[in-house]
2 protein chains.
Amino acid sequence: MSERRADTIADTLEEMIFTGAFNDGDRLDETRLAAQFNVSRTPIREALGRLVASGLAEQIPRRGVFIRQPGPVELLEMFETMAEIEGVCGRLAARRISEPALADLDAANALCTAAIEAGDTDAYYRENERFHHRIYREAGNAFLEQEALRLHRRLKPFRRMQLRVRGRMAQSMAEHEAIVAALREGAPERAAQALRAHVAVQGEKFHRLLSGLRRAAE
Amino acid sequence: MSERRADTIADTLEEMIFTGAFNDGDRLDETRLAAQFNVSRTPIREALGRLVASGLAEQIPRRGVFIRQPGPVELLEMFETMAEIEGVCGRLAARRISEPALADLDAANALCTAAIEAGDTDAYYRENERFHHRIYREAGNAFLEQEALRLHRRLKPFRRMQLRVRGRMAQSMAEHEAIVAALREGAPERAAQALRAHVAVQGEKFHRLLSGLRRAAE
DNA sequence: ATTGAAAATCTTGTATACAAAATTCTTGAC
DNA sequence: GTCAAGAATTTTGTATACAAGATTTTCAAT
């Protein structure tokens with residue numbers, strides 16, 4: 001890996017931000033964090049630099065770096081962007097996907113369904129992620145894949161919010177099946193459309209997302 | 001702006017990378033750069049961190065950071081991704097664009113055409129950029145807009161290569177007109193299609209790009 | 001001459017020291 | 001009591017010092 005301290009610290013801080021250990025606007029005090037991590041300010045600064053670069057925090061020149069949690073508007077924008085990028089991946093994948101990959105998507109869906117029946121939420125998230133990541137991969141564009149993974153990762157902490165709606169998981173699985181069907185038939189636009197609709201935040205999901213945000217803001 | 005030295009140094013280094021002052025694989029020696037910029041290693045390290053974060057360089061743990069110029073494959077992937085993102089912006093913009101924005105696009109096109117006739121390449125690039133940036137804006141999604149701008153900026157140094165083809169500028173303008181027409185009619189898919197085709201690298205452009213790369217590699 | 005090991009050198013990563021800027025606190029005037 | 005100006009204190013940004021790991025060089029043995 002990279003420079004030992006600085007990077008593990010950055011990972012830890014990211015995790016803390018994702019799990020809500022900080023509130024929007026909180027200042028990340030270098031000296032305090034240095035003491036907290038039993039380390040000098042130098043690796044802390046490098047870690048903070050990484051957070052700023054990935055948009056999790058904001059740096060004001062001679063003032064410090066502050067946590068920057070996305071508000072409702074930005075969150076919707078990020079989800080819309082994710083939906084569009086997934087749509088793009090789907091459109092490209094419909095033309096490029098291989099037979100083993102289709103089998104793999106089917107397998108992921110089967111495991112997803114099993115996880116729902118078993119009530120195993122962790123397994124569900126894991127297989128759901130595998131499904132989506134596989135589609136990014138099958139777009140056949142490593143750069144696009146990286147971008148998709150980046151955004152997917154960024155949205156991870158917010159994705160759980162929107163899956164709590166009753167029956168959402170079952171509906172989600174039906175959508176997965178439709179997506180695979182479109183990919184299998186090599187229907188680019190239908191695949192794109194199905195993925196966009198699957199990822200987009202709308203209706204009940206929207207309300208859930210907002211109330212989740214409101215709760216997190218307290 | 002941000003921390004004075006570190007950020008101006010990062011900007012300078014980015015510019016140097018873009019203008020080809022470094023070759024792929026070159027090591028960015030901290031002490032050498034420190035001497036060169038008349039500064040200590042600390043701001044250099046922060047600047048290098050920024051380069052690594054934006055993908056312009058690669059960091060190998062206890063070895064240093066190295067310039068990482070995209071090869072032909074990655075470049076094509078980046079252009080394909082750009083084409084798709086522009087397509088997305090166009091699709092969204094077709095539903096959201098305002099009348100003044102359409103007028104602005106027309107204005108940019110007029111100035112573009114004038115620049116071609118005057119042989120003013122700089123003006124052409126400027127107005128062409130204004131055209132595209134305006135479409136990103138009119139997608140009505142600030143997050144997506146930032147992503148589009150980021151990638152557009154990243155590809156800037158390579159874009160000039162592909163515009164040298166004889167008659168390409170005139171054809172490009174015709175495509176711009178078609179794009180505006182689709183946006184004006186509120187035809188999302190046609191706008192998306194037109195933008196994808198406009199940005200995509202294909203045929204003669206492809207050869208130009210490759211030979212440009214080959215030349216740059218010497 | 002080639003190969004291998006050990007020492008010397010170089011380079012990164014971290015800690016500490018210093019400087020400049022910003023914020024906070026104090027003090028005085030109204 | 002409020003407000004403002006200036007001093008004191010924090011805090012960031014930069015420089016330097018030190019430590020650990022990596023690379024290169026040296027030198028001997030085969």
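Structural data are supplied above this passage.
Residues numbered from 1 in each chain as written. Chains lettered and ligands numbered in written order. Predicted model: local features only at pLDDT ≥ 70, side-chain atom pairs only at ≥ 80, totals over all residues. Heavy atoms only, no water.

## Brief notes about the protein's contact with DNA strand C
Of all residues adjacent to DNA strand C, which total 21 residues, the nearest are Arg5 and Ser40 of chain A together with Arg27, Arg45 and Pro61 of chain B. A share of 71% is what sugar and phosphate atoms reach among the atoms of DNA strand C within 4 Å of the protein. For the surface near DNA strand C, the elements supplying multiple residues, two or more each, are helix 1 (4-18) and helix 3 (41-53) of chain A together with helix 3 (41-53) of chain B. Of the residues contributing to the surface near DNA strand C, the split by class is four nonpolar, four polar and 13 charged. (Near = heavy atom within 4 Å. Helix = DSSP H or I, 4+ residues; strand = E, 2+ residues; numbered from the N terminus. Nonpolar A, V, L, I, M, F, W, Y, C, P; charged D, E, K, R; others polar.)

## Section: the nonpolar core
By size, the foremost hydrophobic cluster in this structure holds 71 residues, and its most contacted members are Leu183 of chain A together with Leu183 of chain B. Look past the residues within four positions of Leu183 of chain B in its chain and what remains in contact with it is Gly90, Ala93, Ala94, Ile97, Leu102, Leu105, Ile135 and Ala191 of chain B. (Core = buried A, V, L, I, M, F, W, Y, C linked by side-chain atoms within 4.5 Å. Buried < 20%, exposed > 50% of the residue type's maximum accessible area, 1.4 Å probe, protein only. Contact = heavy atoms within 4.5 Å.)

## A short note on the relation of the copies chain B and chain A
Taken as rigid bodies, chain B and chain A are interconverted by a rotation of 180 degrees and an axial shift of 0.0 Å, the fit giving an RMSD of 0.0 Å. One copy is carried onto the other by what is essentially a two-fold rotation axis. No C-alpha of chain B approaches the rotation axis more nearly than that of Ala53 of chain B, which lies at 3.3 Å. Both copies share a contact surface, since 100% of the interface residues of chain B are interface residues in chain A too. (Least-squares fit on C-alpha atoms with pLDDT ≥ 70 in both.)

## Comments concerning the protein's contact with DNA strand D
Around DNA strand D sit 21 residues, and of these Arg27, Arg45 and Pro61 of chain A together with Arg5 and Ser40 of chain B come closest. Sugar and phosphate atoms constitute 70% of the interface atoms of DNA strand D, taking the interface as everything within 4 Å of the protein. For DNA strand D, a base nitrogen lies 2.9 Å from a polar atom in the side chain of Arg41 of chain A. Of all the secondary structure elements, the ones that give two or more residues to the surface near DNA strand D are helix 3 of chain A together with helix 1 (4-18) and helix 3 of chain B. Grouping the amino acids of the surface near DNA strand D by side-chain chemistry returns four nonpolar, four polar and 13 charged. (Polar contact = N/O pair within 3.5 Å; in protein donor to acceptor, adjacent residues only side chain to side chain.)

## Here we look at the packing of helix 4 (residues 72-96) of chain A against helix 7 (residues 142-159) of chain B
Between two packed helices, what matters for the description is the angle formed by their axes and the separation of those axes. The interhelical angle for the contact between helix 4 of chain A and helix 7 of chain B, taken along N-to-C directions, is 55 degrees, at an axis separation of 7 Å. In terms of axis orientation, helix 4 of chain A runs oblique to helix 7 of chain B. In contact with Glu74, Glu77, Met78 and Thr81 of chain A of helix 4 of chain A, helix 7 of chain B contributes Ala142, Phe143 and Leu144 of chain B. Within the contact of helix 4 of chain A with helix 7 of chain B, the residues separate by chemical class into four nonpolar, one polar and two charged. (Axes fitted to C-alpha atoms, helices over the stretch in contact; angles between N-to-C directions. Parallel < 35°, antiparallel > 145°, perpendicular 65-115°, else oblique.)

## Thoughts on the packing of aromatic side chains
Enumeration over the complete set of coordinates arrives at two aromatic pairs over all chains. Ring geometry for Tyr124 of chain A against Tyr125 of chain A: centres 5.9 Å apart, planes inclined by 70 degrees, an arrangement best described as edge-to-face. (Phe/Tyr/Trp six-rings, centres within 6.5 Å; stacked < 30°, edge-to-face > 60°.)

## Quick word on the pairing of strand 2 (residues 64-67) of chain A
All names here are of chain A. With four bridges joining them, strand 1 (residues 57-60) and strand 2 adopt antiparallel strand pairing. Pairing of Ile60 across the sheet is with Gly64, part of strand 2. Adjacent in sequence and paired antiparallel, strand 1 and strand 2 are bridged by three residues. (Pairing = 2+ DSSP bridges.)

## What to know about the side chain of Arg196 of chain A
Tracing the backbone through its elements, the reader meets Arg196 of chain A in helix 9 (residues 188-199). In this structure, Arg196 of chain A is buried with no salt-bridge partner, the nearest side chain bearing the opposite charge being Glu189 of chain B at 4.2 Å. Excluding residues that lie within four positions of it along the chain, Arg196 of chain A makes contacts with Ala83, Glu84 and Gly87 of chain A together with Arg91 and Glu189 of chain B. (Lys, Arg positive; Asp, Glu negative; His and termini not counted. Salt bridge = Lys/Arg side-chain N within 4 Å of Asp/Glu carboxyl O.)

## Topic: the pattern of salt bridges
Overall, the coordinates contain 44 salt bridges over all chains when judged by the stated rule. A salt bridge links Glu185 of chain A to Arg190 of chain A; the shortest N-O distance between them is 3.2 Å. Arg130 of chain B is paired through a salt bridge with Glu127 of chain B; the nearest N and O atoms lie 2.8 Å apart. Taken as a pair, Arg130 of chain B and Glu127 of chain B lie in helix 6 (residues 121-138) at a separation of three residues, close to a single helical turn. Classification of Glu127 of chain B as buried rests on a relative accessible area of 10%. Because the salt bridges share partners, they merge into one network encompassing Asp7, Asp11, Glu14, Arg50 and Arg153 of chain A.

## Observations regarding helix 3 of chain B
Residue and element names in this part refer to chain B. With 13 residues, helix 3 should reach 18 Å at 1.5 Å per residue; the first-to-last C-alpha distance of 18 Å fits that figure. Where helix 3 is concerned, the buried positions are Pro43, Ile44, Ala47, Leu48 and Leu51. For helix 3, the arc enclosing every buried residue in end-on projection is 140 degrees, short of the 170-degree limit, so these residues lie on one face. Where helix 3 is buried, its residues contact helix 1, helix 2 (30-36), strand 1 (57-60) and strand 2 (64-67). Backbone nitrogen of Thr42 and a side-chain oxygen of the N-cap are separated by 3.1 Å at the start of helix 3; the cap is Ser40. Gly55, located one to two residues past helix 3, shows a positive phi value of around 85 degrees. (Expected span 1.5 Å × (residues − 1). Arc of directions from axis to C-beta.)

## Notes on the side chain of Glu74 of chain A
When you line up the elements, Glu74 of chain A lands in helix 4. Polar contacts involving the side chain of Glu74 of chain A include one to the side chain of Arg68 of chain A, which spans 3.0 Å. Apart from the residues within four sequence positions on either side, Glu74 of chain A is in contact with Arg68 of chain A together with Phe143 of chain B.

## Section: the interface of chain B and chain A
A common way to state how big an interface is: give the accessible area lost once the parts meet. Taken together, the contacts link 30 residues of chain B with 30 residues of chain A. Both faces combined, the contact of chain B with chain A buries some 2500 Å², and carbon together with sulfur accounts for 42% of it. The three residues of chain B that bury the most area against chain A are Glu80, Glu84 and Phe143 of chain B, which together make up 21% of that side's buried surface. Linking chain B to chain A there are eight salt bridges. Among the ionic pairs, Glu80 of chain A bridges to Arg96 of chain B, the shortest N-O distance being 2.6 Å. (Buried area = accessible area lost by both parts, 1.4 Å probe.)

## As for helix 7 (residues 142-159) of chain A
All names here are of chain A. Relative to the 26 Å expected for 18 residues at 1.5 Å per residue, helix 7 spans 24 Å between its end C-alpha atoms, a close match to the ideal helical length. The largest bend in helix 7 amounts to roughly 30 degrees and is located at Arg153, with the proline Pro157 lying one to four residues further along. The N-capping residue of helix 7, defined by a side-chain oxygen 3.1 Å from the backbone nitrogen of Phe143, is Asn141. (Bend = angle between axes of the 7 residues up to and from the residue.)

That's the geometry; what it means functionally is another story.
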